[in-house]
Amino acid sequence: MNESGAVSHESVLTGFGFSFERGGAHTARSMMFDDLAALLSYVGRPDAGREDYRRAVVTDNCLGKRSARTRGLSFKHLADLYSLDASNAIFSAMLFFWSRDVQARPLL
């Protein structure tokens, strides 16, 4: 809320999954599209939780990373970029369209 007691636009957008943090994965990394595609293909379930995605990246090494540290960082960056949480409206919508139009995936 702002000083007048109204809800700010930023807090509303944050509730939908937008991030207003400076730095981090949004400025330091690519969109990691190939890693995202590999992860979503590997997990293959729209109802998967964040822990399922973490396990796929960190434990199962579905992205083929060389070290445990790199796997952990890759998961962190993917979660920062895409949420990987089905309760997040933006991620949920992306998954809905992801499975429906393969050629449009880079636009999502």
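Residues numbered from 1 in each chain as written. Predicted model: local features only at pLDDT ≥ 70, side-chain atom pairs only at ≥ 80, totals over all residues. Heavy atoms only, no water.

Trainee: Would you mind going over the overall build of the protein chain with me for this structure?
Mentor: Looking only at helices and strands, the protein chain features six helices and zero strands. In sequence order, the secondary structure elements of the protein chain are arranged as α-α-α-α-α-α. Across the 108 residues of the protein chain, 26% fall into the buried class. Long-range contacts, defined as pairs at least 24 residues apart, comprise 53% of the intrachain contacts of the protein chain with a sequence gap of at least 6. Accessible surface, the protein chain: about 7,400 Å² in total, of which carbon and sulfur atoms supply 53%. (Helix = DSSP H or I, 4+ residues; strand = E, 2+ residues; numbered from the N terminus. Buried < 20%, exposed > 50% of the residue type's maximum accessible area, 1.4 Å probe, protein only. Contact = heavy atoms within 4.5 Å. Areas by Shrake-Rupley, 256 points an atom, 1.4 Å probe, with all protein chains shown as cover.)

Trainee: Where do I start with the environment of S99 in this structure?
Mentor: Tracing the backbone through its elements, the reader meets S99 in the segment after helix 6 (89-98). The sequence separation of S99 and S41 amounts to 58 residues, and the corresponding C-alpha distance is 9.9 Å.

Trainee: Explain the packing of aromatic side chains to me, please; I cannot follow it from the model alone.
Mentor: The geometry of an aromatic ring pair is captured by the separation of the ring centres together with the interplanar angle, meaning the angle of the planes. Taken as a whole and judged by the stated rule, the model has three aromatic pairs. Ring centres of F33 and W98 lie 5.7 Å apart, and the angle between their planes is 50 degrees; this geometry places the pair in the tilted category. Residue F33 is found in helix 3 (residues 33-43), and its partner W98 is found in helix 6; the two are separated by 65 residues along the sequence. Pairing Y53 with F91 gives two aromatic rings, centres 5.9 Å apart and planes at 85 degrees, and the pair type is edge-to-face. Of this pair, Y53 sits in helix 4 (residues 50-59) while F91 sits in helix 6, and the two are 38 residues apart along the sequence. Grouping residues by exposure puts Y53 and F91 together as buried. Above the ring of F96, the side-chain terminus of R100 is found at 3.6 Å from the ring centroid. (Phe/Tyr/Trp six-rings, centres within 6.5 Å; stacked < 30°, edge-to-face > 60°. Lys NZ or Arg CZ within 6 Å of the ring centre and 35° of its normal.)

Trainee: Explain the packing of helix 3 against helix 6 here, please?
Mentor: Helices that pack against each other are described as a pair by the angle of their axes relative to one another and the distance between those axes. In contact at an axis separation of 13 Å, helix 3 and helix 6 are set at 75 degrees when each is read in the N-to-C sense. Relative to helix 6, the element helix 3 lies roughly perpendicular. Contacts from F33, L36, A37 and L40 of helix 3 reach helix 6 at F91, M94, L95 and W98. (Axes fitted to C-alpha atoms, helices over the stretch in contact; angles between N-to-C directions. Parallel < 35°, antiparallel > 145°, perpendicular 65-115°, else oblique.)

Trainee: Just checking my understanding: could you explain the nonpolar core for this structure?
Mentor: Nonpolar side chains in soluble globular proteins tend to be buried together. Ranked by size, the top nonpolar core spans 20 residues in total, and within it L39, Y53 and L84 carry the most contacts. Where this core is concerned, the elements lending two or more residues are helix 3, helix 4, helix 5 (68-82) and helix 6. Apart from the residues lying within four places of it in its own chain, the contact partners of Y53 are L39, L40, V43, R45, A48, F75, L84, F91 and L95. (Core = buried A, V, L, I, M, F, W, Y, C linked by side-chain atoms within 4.5 Å.)

Trainee: What am I meant to see in helix 3 here?
Mentor: Because the α-helix completes a turn every 3.6 residues, residues three or four places apart line up on one side. Of the positions making up helix 3, those classed as buried are D35, L36, L39, L40 and V43. Axial view of helix 3: buried residues confined to an arc of 125 degrees, hence all on one face. When the buried face of helix 3 is taken as reference, the exposed residues oriented beyond 90 degrees from it are D34 and S41. Residues of helix 3 that are buried sit in contact with helix 4, helix 5 and helix 6. One or two steps after helix 3, the chain reaches G44, where phi turns positive at roughly 65 degrees. (Arc of directions from axis to C-beta.)

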